[in-house]
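An overview of the molecular structure
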Amino acid sequence: MTSNKGIIIVVSGFSGAGKGTIMKELTGRYDRYALSVSATTRDPRPGEVNGREYFFVSNEEFEKLIAEDGLIEHAGYVDHYYGTPRKFVEDKLKEGKDVILEIEIQGALQIKKQYGDAVLLFVMPPSAKELKKRLTGRGTESSQVIDERLKRAREEAVGIENYDYIVINDDLDECVIRVHEIIDAAHNAPSRNLDFINTIRKELNEL
Ligand code: 5GP
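Sequence order sets the numbering: in each chain, residues are counted from 1 along the sequence as written. Residues qualify for local features only when their pLDDT is at least 70, as the model is predicted, and side-chain atom pairs are given and counted only at 80 or more; totals for whole chains, interfaces and linings, by contrast, use all residues. In computing side-chain values, all of the structure's heavy atoms are included and hydrogens and water are not.

Topic: the pairing of strand S7 (residues 98–102)
For S7, a buried count of 4 out of 5 residues is recorded, marking the element as mostly surrounded by other parts of the structure. Of the strand pairs in this sheet, strand S1 (residues 8–13) and S7 are connected by 4 bridges, and their pairing is parallel. For Val10, the partnering residue across the bridge sits in S7 and is Leu101. The rule is simple: take the accessible area with a 1.4 Å probe, protein chains only, and divide by the maximum for that residue type; under 20% is buried, over 50% is exposed, in between is partly exposed. Numbering of helices and strands starts at the N terminus; helices are DSSP runs of H or I of at least 4 residues and strands are runs of E of at least 2. The rule for pairing is simple: two strands pair if DSSP sees at least two bridges between them.

Shown next as structure tokens:
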């Protein structure tokens, strides 16, 4: 019986790489995952619901969350703040759930520092051309925002080596299975199964 203690799974990827879709699919298929809902100061996009995609808050509310130590990480991204509420993550880990944080690289690195056993995944598009096509195709952002995101993607591409795994999002279904397998494998790391290993050692000595 391998470890069923919850793990923090950080998922990053360029805007438009499809990480949101992968995560929705993953959490819909398996109930061992809990998807963290971040707080942000940006405005909701059409169709986004407060408390579902994000908690949409004012700058003042965001600063209050930071002051109260209510966020486990936070970062600025294209003129706005984003952060992960602490309570949800801690509660779900206690319940034994794997908690998925869909966050950008600055936040990912803060998480790695605090939670050494977090697993960091970076979702890549099959090509840069495909990324631009997906960003433009979404049709919800102005060309200025798209340009900012491409600039940011170039910056984020520099930090990918800090992640534990890359996942190429060519086919959604295959990608979801691959992410699930990576997380499954992480549960089998010896460092997460010391109780089990020690039990077997003890039993061997008693044979
Ligand atoms: P978007 O505005 O497109 O929803 O998100 C912009 C970026 O912010 C994405 O890369 C997303 O992963 C990241 N992001 C969303 N929530 C958080 C958060 O709580 N913390 C950090 N550091 N980044 C976040």
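Details of the site of the ligand
Near the ligand lie 16 residues; those nearest to it are Ser38, Arg42, Tyr54, Tyr82 and Glu104. Polar contacts, as used here, are pairs of N or O atoms within 3.5 Å; protein pairs need one atom able to donate a hydrogen and one able to accept it. Residues neighboring in sequence count only if both atoms are side-chain atoms. Between the ligand and the protein, one listed contact pairs an oxygen atom with a side-chain N or O atom of Thr84 at 3.4 Å. Only protein atoms enter the calculation, which uses a 1 Å grid: trapped sets of points that fit a 1.4 Å probe without letting it out are cavities, open sets showing protein on both sides within 12 Å along at least five of seven lines are pockets, and any residue with an atom within 4 Å of a point is a lining residue. Cavity and pocket membership follows a simple rule, namely that a molecule belongs there if more than half of its atoms are within 2 Å of the grid points. Among the detected pockets, the ligand sits in the largest pocket. Those elements that provide at least two residues to the shell around the ligand are strand S5 (71–77) and strand S6 (80–85). For the shell around the ligand, a count of residues per class yields 5 nonpolar, 4 polar and 7 charged. One heavy atom suffices: a residue is near a molecule or strand as soon as one of its heavy atoms comes within 4 Å of it. Residue polarity follows a fixed list, in which Ala, Val, Leu, Ile, Met, Phe, Trp, Tyr, Cys and Pro are nonpolar, Asp, Glu, Lys and Arg are charged, and the others, Gly among them, are polar.

Re the sheet that holds strand S4 (residues 54–56)
Strand order across the open sheet formed by 4 strands is S4-S3-S6-S5, with mixed pairing between neighbours. With one partner strand each, in any of the chains shown, S4 and S5 form the two edges of the open sheet. Taking each pair of neighbouring strands and ignoring which way they run, the sheet shows an average axis angle of 25 degrees. On top of the sheet, helix H2 (residues 59–67) reaches strand S3 (38–40), S5 and S6; it is set at about 140 degrees to S5, its chief contact. Here a residue-residue contact requires only that any non-hydrogen atoms of the pair lie within 4.5 Å. For helices, the fitted axis covers only the stretch in contact; all axes are lines through C-alpha atoms, and the angles between them, taken along N-to-C directions, range from 0 to 180 degrees. Here helix H3 (residues 86–94) sits on the sheet and contacts S5 and S6; the angle it forms with S6, its principal contact strand, is near 30 degrees.

What about unusual backbone geometry?
With a phi close to 40 degrees, Val78 is a non-glycine residue in the positive phi region. With respect to the secondary-structure elements, Val78 resides in the loop between S5 and S6. Residue Asp79 is not a glycine yet carries a positive backbone phi of 70 degrees.

Some words on the nonpolar core
Residues Ile8, Ile9, Val10, Leu26, Leu101, Ile111 and Val179 are the most contacted members of the largest nonpolar core, which totals 41 residues. For this core, the elements supplying multiple residues, two or more each, are S1, helix H1 (19–29), S7, helix H4 (105–114), strand S8 (119–124), helix H5 (128–137), helix H6 (143–157) and helix H7 (172–187). Here the element with the most residues in this core is H7; it accounts for 6 residues. Excluding residues that lie within four positions of it along the chain, Val10 makes contacts with Leu101, Ile103, Ala108, Ile111, Val119, Leu120 and Leu121. Throughout this description, the term nonpolar core refers to a set of buried Ala, Val, Leu, Ile, Met, Phe, Trp, Tyr and Cys residues connected via side-chain atoms within 4.5 Å.

Focus: the sheet that holds S1
Two modes of strand pairing occur in sheets, parallel and antiparallel, and in both the strands are linked by backbone hydrogen bonds. Taken together, the 5 strands give an open sheet; going across it, the order is S2-S7-S1-S8-S9, and neighbouring strands pair in parallel fashion. Here the strands that pair on one side only, and so sit at the sheet edges, are strand S2 (33–35) and strand S9 (165–168). Neighbouring strand axes in the sheet, compared pairwise and without regard to direction, differ in orientation by 25 degrees on average. Pairing of S2 with S7 involves 3 bridges; the strand directions are parallel. Within S7, the position partnered with Leu35 by the bridge is Ile100. Contacts from H3 reach S1, S2 and S7, with the element oriented near 150 degrees to S7.

Remember, this is a structural readout, not a statement about activity or role.
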